[in-house]
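Descriptive structure summary
Take a look at the letters that make up each chain.
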Amino acid sequence: MQETPLPVSQITQQAMGTIMTHKAYGQNADEALVAVFQEVIRLEKLLSRFLPGSDISQINQNAGFIPTRISRESFIVLNEAVKFSKTCPGCFDITIEPLVNLWKIGKERNLEPEEILIEMTIPLVNYEDLILNPFENTAGLRNFGQSIDLGGIGKGYTADRVKEVFLQYGVHSAYSNLGGNVVTLGTKPDGSPWVIGIQHPRREKQLIGAVSVLNQTVVTSGDYQRYYIDGNGNRRHHIIDPKTGYPAETDLMSVSIVSENSLVADALSTIIFIAGLNKGRDILQRYPQTGAILVDTKMSVYITRDLSERFLSEEGFEVTVLK
Amino acid sequence: MIGWVITFLILAGIAITGGIGWSKLKKEHQEANSLPIRSIDFNELQDGVFYGAYQGGMYKWRANECQLTVKSGRVTDIQLIGSQDPGTKNTQHQMLYDRIMDKQSLQVDTISGATLTSKAYLKAVEDALVHSLGK
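Residues numbered from 1 in each chain as written. Chains lettered and ligands numbered in written order. Predicted model: local features only at pLDDT ≥ 70, side-chain atom pairs only at ≥ 80, totals over all residues. Heavy atoms only, no water.

Quick look at the overall build of chain A now. On a plain count of helices and strands, chain A comes out with 8 helices and 17 strands. Here the C-alpha coordinates of chain A stretch approximately 70 × 45 × 35 Å along the principal axes. Here chain A holds 323 residues, and 58% of them are scored as buried. Once local pairs closer than 6 in sequence are excluded, the contacts in chain A between residues at least 24 apart make up 58%. Taking the 30 positively charged and 37 negatively charged side chains of chain A as two groups, their mean positions are separated by 1 Å. (Helix = DSSP H or I, 4+ residues; strand = E, 2+ residues; numbered from the N terminus. Buried < 20%, exposed > 50% of the residue type's maximum accessible area, 1.4 Å probe, protein only. Contact = heavy atoms within 4.5 Å. Lys, Arg positive; Asp, Glu negative; His and termini not counted. Charge placed at Lys NZ, Arg CZ, Asp CG, Glu CD.)

Residue and element names in this part refer to chain A. According to the domain assignment, chain A contains domain 1 (49-141) and domain 2 (193-322). Computed from C-alpha atoms alone, the centre-to-centre distance between domain 1 and domain 2 is 24 Å. Each partner contributes residues to the interface: domain 1 has 18 residues there, and domain 2 has 25 residues. Of the roughly 1,900 Å² buried between domain 1 and domain 2, counting both surfaces, carbon and sulfur atoms make up 69%. When the buried surface of domain 1 facing domain 2 is broken down by residue, Phe84, Cys91 and Trp103 rank first, second and third, together holding 31% of it. (Domains from an automatic or database assignment. Buried area = accessible area lost by both parts, 1.4 Å probe.)

A few words on a nonpolar patch on the surface. A contiguous nonpolar patch, built from Ile2, Ile6, Ile10, Leu11 and Ile14 of chain B and spanning about 530 Å² of accessible area, is present on the exposed surface. In this structure, isoleucine 2 of chain B sits in helix α1 (residues 2-33). (Patch = residues over 30% accessible without salt bridge, like charges linked within 9 Å, V, L, I, M, F, W, Y side chains within 5 Å. Areas by Shrake-Rupley, 256 points an atom, 1.4 Å probe, with all protein chains shown as cover. Salt bridge = Lys/Arg side-chain N within 4 Å of Asp/Glu carboxyl O.)

Attention now goes to the environment of leucine 322 of chain A. Residue and element names in this part refer to chain A. With respect to the element layout, leucine 322 can be found in strand β17 (residues 319-322). Spatially, the C-alpha atoms of leucine 322 and aspartate 306 are 9.6 Å apart, while their sequence positions differ by 16 residues. Those residues in contact with leucine 322 that sit more than four places away from it in its chain are Arg281, Leu294, Tyr302, Ile303, Thr304 and Arg305.

What follows is about the nonpolar core. All names here are of chain A. Counting residues in each nonpolar core, the largest one holds 49 residues, and the members touching the most others are Leu78, Phe84 and Ile153. Those elements that provide at least two residues to this core are α1 (29-47), α2 (55-61), α3 (72-87), β5 (138-141), β13 (252-259), α7 (262-275), α8 (277-285) and β14 (291-296). The element that contributes the greatest number of residues to this core is α7, accounting for 10 residues. When residues of this core are assigned to domains, at least three fall in each of domain 1 (49-141) and domain 2 (193-322). Apart from residues no more than four positions distant in its own chain, phenylalanine 84 is found in contact with Phe92, Ile153, Leu263, Val264, Ala267, Leu268, Ile271 and Tyr287. Within the second largest apolar cluster, 19 residues are counted, among which are Ile208, Val211, Ile293 and Phe311. (Core = buried A, V, L, I, M, F, W, Y, C linked by side-chain atoms within 4.5 Å.)

Put into structure tokens, the structure is as follows:
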């Protein structure tokens, strides 16, 4: 019995400061991929703080002066981001940009930002200064110098939209990898689950294991992306702790979240990374539909119970199922 | 008095035999624990049905034979075809075999959290761009 295989297409795209791969099976795979490609570009134009005309750039430019009228979509993303900031005060803050920028300049000059500069910048980081008006669809930052960076949530929202676009085109088997944020649609064409590898936080070409997912997203935050080691042997990575102003010092090296919703997974992976193992475990209990794979600094792997049948570790890892 | 001596001798006998037995058992266990297993590159398997055997250590307690099937470069079946172990009816070996077959299925569709490997993707983009230039 010879079945005709489903048509399959794949494209690679450079957007949102990273590389994305989209793969789709089915009759409309080609058309769907073109639409996905364009959707990502459209969202980048709304949400990127690097593109001058974007909603976020305009809010940042008008900080301390006037509120900015923005699209409904940008409003929704900002509103969700504020909700997550309230979930774990001090772990997650989309007004983190002034600190991120300070560290970026430091990295370019190969110099750690001066402590005094960091201390002066911390008060600018406060999501409560973001005023959202749902009736006018406006957003504004209270103080001059404040600035939004959707780095911890924007790709998640984009991934959810990508999934919608696939569905609109009648595609029921697809995945997208948005620079490490993976979103899957349905199953593989043969009905089996997608197998998503989890990057080893210290060895570039290795995995800690793989998780089988259906219609879910897998988002990982770790200290091994965009980092450098400073003179004192500290790992200065890209996830800045809004409380301290320094790259988060946590007992976790990597956090992968498995969920139906990519925006939630994106935010939670950052929040739990900064919160650390114990506090992160408490936060996870508030999201019963969400699975997690955590790697601590001793290279021990912790997984939530729902993943115990679906996560397969590489050899040599001790895996503990979280209660 | 003689009764005590006999009791003592019997106990000493048991202790000595037990001690010797224990040390031999420990040696056997040590040997089993430190058994080297070579790492195999699963990507270079040839198709066919293969037999494998292990002679079972110093007392041959662990002797067993298996039959392994490779199809399209993948291990598709492992069967136990002979064993000294009276406990082979338990499913321990089957679980182990399943794990071996599972492990090779760590061939993933895509990787979460790997942005640093993007150089390979970039290379592909570059390649696509070169093609799009019609060169």
